[in-house]
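A structural walkthrough
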Amino acid sequence: MTNPDQGRSERWQGGLSNDVQEVLFDAETIQRRVDELGAEIQEAYQGRDLLVVAILKGSFPFLADLVRAINLPMKVDFMAVSSYRGTKSTGVVKILKDLDSSLVGKDLLIVEDIVDTGLTLKYLLENLETRQPASTAVCTLLDKKAVRKEKVDVRFSGFDCPDAFVIGYGLDYDGIYRNLPYIGVLKPSVYQKD
Ligand code: IMP
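So, here's what we can say about the structure. This is a predicted model, so every value here is computed, not measured.

The rules we used
Residues numbered from 1 in each chain as written. Predicted model: local features only at pLDDT ≥ 70, side-chain atom pairs only at ≥ 80, totals over all residues. Heavy atoms only, no water. Pairing = 2+ DSSP bridges. Helix = DSSP H or I, 4+ residues; strand = E, 2+ residues; numbered from the N terminus. Core = buried A, V, L, I, M, F, W, Y, C linked by side-chain atoms within 4.5 Å. Buried < 20%, exposed > 50% of the residue type's maximum accessible area, 1.4 Å probe, protein only. Phe/Tyr/Trp six-rings, centres within 6.5 Å; stacked < 30°, edge-to-face > 60°. Salt bridge = Lys/Arg side-chain N within 4 Å of Asp/Glu carboxyl O. Near = heavy atom within 4 Å. Polar contact = N/O pair within 3.5 Å; in protein donor to acceptor, adjacent residues only side chain to side chain. Areas by Shrake-Rupley, 256 points an atom, 1.4 Å probe, with all protein chains shown as cover.

Bridge count for strand β1 (residues 20-25) against strand β9 (residues 183-186) is four bridges, and the pairing is antiparallel. For valine 20, the partnering residue across the bridge sits in β9 and is leucine 186. Where strand β8 (residues 166-167) and β9 come together, two bridges link them in antiparallel fashion. Across the sheet, residue isoleucine 167 finds its bridge partner in β9, namely glycine 184.

So, about the nonpolar core. Here is a general trend for soluble globular proteins: nonpolar side chains tend to be buried in one another's company. Counting 29 residues, the largest nonpolar core has Phe62, Leu66, Leu109, Cys139 and Leu142 as its most contacted members. Counting 18 residues, the second-largest nonpolar core is a separate cluster that includes Leu103, Leu108, Ile110 and Val138.

Further remarks concern the packing of aromatic side chains. Evaluation of the coordinates by the stated rule reveals five aromatic pairs. The interplanar angle of 85 degrees and the centroid separation of 6.0 Å between the aromatic rings of phenylalanine 165 and tyrosine 173 together place this pair among those described as edge-to-face. Seen in terms of ring centroids, tyrosine 173 and tyrosine 191 are 6.1 Å apart; in terms of plane orientation they differ by 50 degrees. Their pairing is tilted. Of this pair, tyrosine 173 sits in the loop between β8 and β9 while tyrosine 191 sits in helix α5 (residues 188-192), and the two are 18 residues apart along the sequence. An aromatic cluster of at least three residues, connected via ring pairs, comprises Phe165, Tyr173 and Tyr191.

Turning next to the pattern of salt bridges. Summed over all chains, the structure comprises 14 salt bridges. One salt bridge in this structure joins arginine 148 and aspartate 143, with 2.7 Å as the shortest N-O distance. With its nearest N and O atoms 3.4 Å apart, the salt bridge here joins aspartate 172 to arginine 178. Aspartate 172 gets classed as partly exposed once you look at its relative accessible area, which sits at 23%. Under the relative-accessibility criterion, arginine 178 is labelled buried at 16%.

With that settled, consider the site of the ligand. Around the ligand sit 17 residues in total, of which Asp113, Thr117, Gly118, Thr120 and Val166 are the nearest. A distance of 2.5 Å separates an oxygen atom of the ligand from a polar atom in the side chain of threonine 117. In isolation the ligand exposes 490 Å². Once the protein is present, 91% of that is buried. Looking at the shell around the ligand, the element that brings in the most residues is strand β5 (residues 107-115), giving four residues.

Printed below as a string of structure tokens:
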């Protein structure tokens, strides 16, 4: 009898790190930078009505570390969007899950894993600003400035990211690698064979 899982288990035999070409930001470096971002945000949002909106799925580890580095009352909500197919942005953004809460009068902080072309963020900003928040700002862990197609205002940014497809700490390729504790460049051979 053939085992449908056989090809899959062989592929992962060497662990997830086998598919990483280069580590860009290790776990310790990420944690240090996230703590700095948390302190900056804490300073900026004293006395404000902070609502953190995390864009799923990629932002979940960043969000979890970031909010614990901000010692302020806040609410957290989630939105899920999709715009990627493989390693390329399609530019067509679909809302897969909308917010549960109203934005009226809130100081909205959008938390993203990475801003690449900026198409997703531009769509999100236009959409969320119609809901009358008191203010809107963006916090991204990674900023791939070199490939930006849309001008978007990023107020808090963790690291500049080179023009390469990166995985780990929430970032995926085909749904995999989000649980890597560091951020690395995916070997092109992985997506070239798909
Ligand atoms: P943008 O619309 O091109 O700015 O892309 C934003 C979204 O694409 C991010 O929130 C990620 O989900 C995904 N993305 C962009 N670049 C990468 C990457 O290098 N690795 C994994 N996902 C990425």
